[in-house]
Amino acid sequence: MAMKVITPGALTTVQDGGRYGYQSTGIGVGGCMDMDSYRKANYLVGNEKGEAVLEFTLIGGMLELTEETVLALTGADMAPKQNGEPVPMNVPLAFQAGDVLELGMAGTGCRCYLAVAGGIEVPLYLGSRSTNLKCKFGGYQGRALQRGDVLEVGKSGKPYEQLKDRECFTEEYPNTVVVRVIEGPQEEYFTKKGKKTFYKSVYTVSDKSDRMGCRLDGPAVESFDGTDIISDGIAPGSVQVPADGKPIVLLADRQTTGGYAKIASVCSFDIPKLAQCKPGNKVRFQKITLEKAQRIMREAKKDELF
Amino acid sequence: MVAEIRADFHLKQKRKSGQAEGEAGLKRKDEKKTRYLPAGDSALVVEFGNEIDEKLNTKVQQLAAKIIEASRTALLSGVGEVIPTFRSLLVTYDPLRTDFEQLKNRLIKMEEELQEEKKTSRRILKIPCCYGGRYGLDLADLMEYTGLSREEIIERHSSACYRIYMMGFLPGFAYLGGLDRKLEMPRLKTPRVKIPAGAVGIGGNQTGVYPIDSPGGWRLIGGTPVDFYNPEREEPILCKAGEFIRFVPITMDDYYDIRHMILRKEYHVEVEEG
């Protein structure tokens, strides 16, 4: 069973839940930018939790299936078509051998996820199938997909008949998002005025944003005396503020360590919102306590799909 | 997003000590006490101080080892990864299995136990380095800048024993401390687009080896045939924080000999315990 790439789209990579256990050596986590959509996609096709999927960015591509299988698309709506006929997002889709899946431009949202029953079969590298573009390893030959690539797909346990009643809630991706943050760990580098700027301003997602970080344009956050720190570890969602005062939220392909002060960290449950922001979208930061954030996580756990 | 290797050791220390008047300075006065800071909802930072110092870094490495050991048993549940850095530790955890306060209290206890630990022997990796030539593109500039001869530079650079304070930035990139102050030279104003893996350079008061082809602004003084990162190797990363590195000068012929041995998987880096 395989999938042929007819057109690859703007930036399409194989990703999974991430490469854990190597951050102390300088190897980052990576993985899907929007973990919510990733989990949903695997659920819809009856996969195990950690299977690899495709992540499309802004502009989707065209793929041909060589055998009968089940697919699902989640995240940004790229107006999917099966052999030219529109098909819905967020449900399992039955595909026959020779069927063509076509994705267009992202309407709302930025990243679309495609799961295939059985998962994308690329070799595991350090425990993960995620593509690390900077280091050129993992995923499909360590790079984004290109025209003519053939992706192997694993064996699936469940036929379409067993999956057809599954569906997932369709997320809205508004042009302005409010993301909740926990202050710190280096908020003391910033003046009262700087913090006020950070929490009161509306920032614009820059077109320089990528899988490493969501770069923001907007009012500069004032610091006491620069934001250089002795390099330390970086948690997902860390909001670092370089010398120009423009915040950068560090996402999946973040460095393991960095030398800029971090004014706050985006809550894990709000990271998908940023992952789905297109350049030009607006972002506001809202401070909540650590206790509240962890309470929200415990509540959310009860609603988890699997 | 091109990330520069930051952390200019002395510069940063100076800046922080001159910060006493600001709010930040006041809060940071009590630097002896370890601080536990939240880094989002699933990680915390254990900060031992705000300077680059061997003693602090030893504590970082010791606590990191202890946490990793304990997290493999029932003694410490919910801990994910530990990233040791110059003067702090980032500890990731699962907030569904533990929480900030609980983990903090456990770590405080572990930190208290650290004091009694004995000094362990140093593990020194001997890294062959071919100075000058095709890899040492900036050696001549360094000679001019420092006023030292080629031999003096090689002698000074290869006689030091460099401590690996931390790993980060790139897979297998070691942040080394202990560069001879006479060898310090600012980074290039315009970074090179591509520096080959194995290049040995000096940037400010740091020296190091590029583990993969990468853009960078360090002054290149030589090259090592040894892979600091090799995805084909069973252990892709050569070294870890807390170990030491000494450069051993070699000729261009040695360089190619060692390179061939590495490709045939017949070469192992010499390690000295001391």
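Residues numbered from 1 in each chain as written. Chains lettered and ligands numbered in written order. Predicted model: local features only at pLDDT ≥ 70, side-chain atom pairs only at ≥ 80, totals over all residues. Heavy atoms only, no water.

Digging into the interface of chain A and chain B
Argument step 1. With 52 residues of chain A at the interface, the matching set in chain B holds 55 residues.
Argument step 2. With both sides pooled, the region where chain A packs onto chain B buries about 4500 Å², and carbon together with sulfur makes up 58% of that total.
Argument step 3. Here chain A and chain B share one salt bridge between them.
Argument step 4. With a closest N to O distance of 2.9 Å, Glu188 of chain A and Arg35 of chain B form a salt bridge. (Contact = heavy atoms within 4.5 Å. Buried area = accessible area lost by both parts, 1.4 Å probe. Salt bridge = Lys/Arg side-chain N within 4 Å of Asp/Glu carboxyl O.)

Considering the pairing of strand β4 (residues 62-65) of chain A
Residues and elements named next belong to chain A.
Argument step 1. Only one face of β4 is covered, namely the face carrying Leu63 and Leu65; the face carrying Met62 and Glu64 is uncovered.
Argument step 2. Relative to β4, strand β1 (residues 2-7) runs antiparallel, the two sharing four bridges. Following the sheet pairing, Thr7 is matched in β4 by Met62. (Buried < 20%, exposed > 50% of the residue type's maximum accessible area, 1.4 Å probe, protein only. Helix = DSSP H or I, 4+ residues; strand = E, 2+ residues; numbered from the N terminus. Pairing = 2+ DSSP bridges.)

Some words on the domain arrangement of chain B
Residue and element names in this part refer to chain B.
Argument step 1. Per the domain assignment, the segments of chain B are domain 1 (31-114) and domain 2 (123-273).
Argument step 2. Placing a centre on the C-alpha atoms of domain 1 and another on those of domain 2 gives a separation of 30 Å.
Argument step 3. With both sides pooled, the region where domain 1 packs onto domain 2 buries about 720 Å², and carbon together with sulfur makes up 61% of that total.
Argument step 4. Considering only the surface of domain 1 that becomes buried against domain 2, Glu54, Gln61 and Phe86 emerge as the three largest contributors, covering 56% of it.
Argument step 5. Our enumeration of links across domain 1 and domain 2 arrives at one salt bridge.
Argument step 6. Across the salt bridge formed by Glu54 and Arg163, the nearest N and O atoms sit 3.6 Å from each other.
Argument step 7. Here domain 1 and domain 2 share four residue pairs in polar contact (both at pLDDT 80 or more) between them.
Argument step 8. Here the element with the most residues in the side of domain 1 that touches domain 2 is helix α3 (residues 54-71); it accounts for four residues.
Argument step 9. Residue composition of the side of domain 1 that touches domain 2, by class: three nonpolar, four polar and two charged. (Domains from an automatic or database assignment. Polar contact = N/O pair within 3.5 Å; in protein donor to acceptor, adjacent residues only side chain to side chain. Nonpolar A, V, L, I, M, F, W, Y, C, P; charged D, E, K, R; others polar.)

Description of α3 of chain B
All names here are of chain B.
Argument step 1. Along its 18 residues, α3 runs 26 Å from first to last C-alpha, staying within 8% of the 26 Å computed at 1.5 Å per residue.
Argument step 2. On the buried face of α3, the contacting elements are β2 (43-47), β3 (79-84), β4 (88-93), α4 (100-114) and β6 (162-167).
Argument step 3. Where α3 begins, the side chain of Asp53 points an oxygen toward the backbone nitrogen of Lys55, at a separation of 2.9 Å. (Expected span 1.5 Å × (residues − 1).)

Structural notes on the sheet that holds strand β13 (residues 203-205) of chain A
Residue and element names in this part refer to chain A.
Argument step 1. With mixed pairing, the seven strands of this closed barrel are ordered in space as β12-β19-β16-β17-β14-β13-β20. Neighbour to neighbour, the strand axes of the sheet diverge by 40 degrees on average, direction disregarded.
Argument step 2. Both strand β14 (residues 213-217) and strand β17 (residues 248-250) contribute to a ladder of three bridges, which runs antiparallel. Paired with Gly213 across the two strands is Leu250, which belongs to β17. (Axes fitted to C-alpha atoms, helices over the stretch in contact; angles between N-to-C directions.)

So, the domain arrangement of chain A
Residues and elements named next belong to chain A.
Argument step 1. Annotation of chain A at the domain level lists domain 1 (2-163) and domain 2 (176-302).
Argument step 2. Spacing between the C-alpha centres of domain 1 and domain 2 amounts to 28 Å.
Argument step 3. Counting residues at the interface gives 26 residues for domain 1 and 15 residues for domain 2.
Argument step 4. Buried surface at the junction of domain 1 and domain 2, summed over both partners, amounts to about 1500 Å²; 50% is from carbon and sulfur atoms.
Argument step 5. The largest per-residue losses of area from domain 1 upon contact with domain 2 belong to Gln23, Met33 and Arg111, which jointly make up 33% of the total buried on that side.
Argument step 6. There are one salt bridge connecting domain 1 and domain 2.
Argument step 7. Taking the shortest distance from any N to any O, the salt bridge between Glu55 and Arg211 comes out at 2.9 Å.
Argument step 8. Counting the contacts that link domain 1 with domain 2 gives 10 residue pairs in polar contact (both at pLDDT 80 or more).
Argument step 9. Of all elements in the fold, only α1 (35-44) and β10 (111-116) reach the threshold of two or more residues within the side of domain 1 that touches domain 2.
Argument step 10. Counting residues per element, the side of domain 1 that touches domain 2 draws most heavily on α1, which supplies three residues.
Argument step 11. Residue composition of the side of domain 1 that touches domain 2, grouped by class: 10 nonpolar, 11 polar and five charged.

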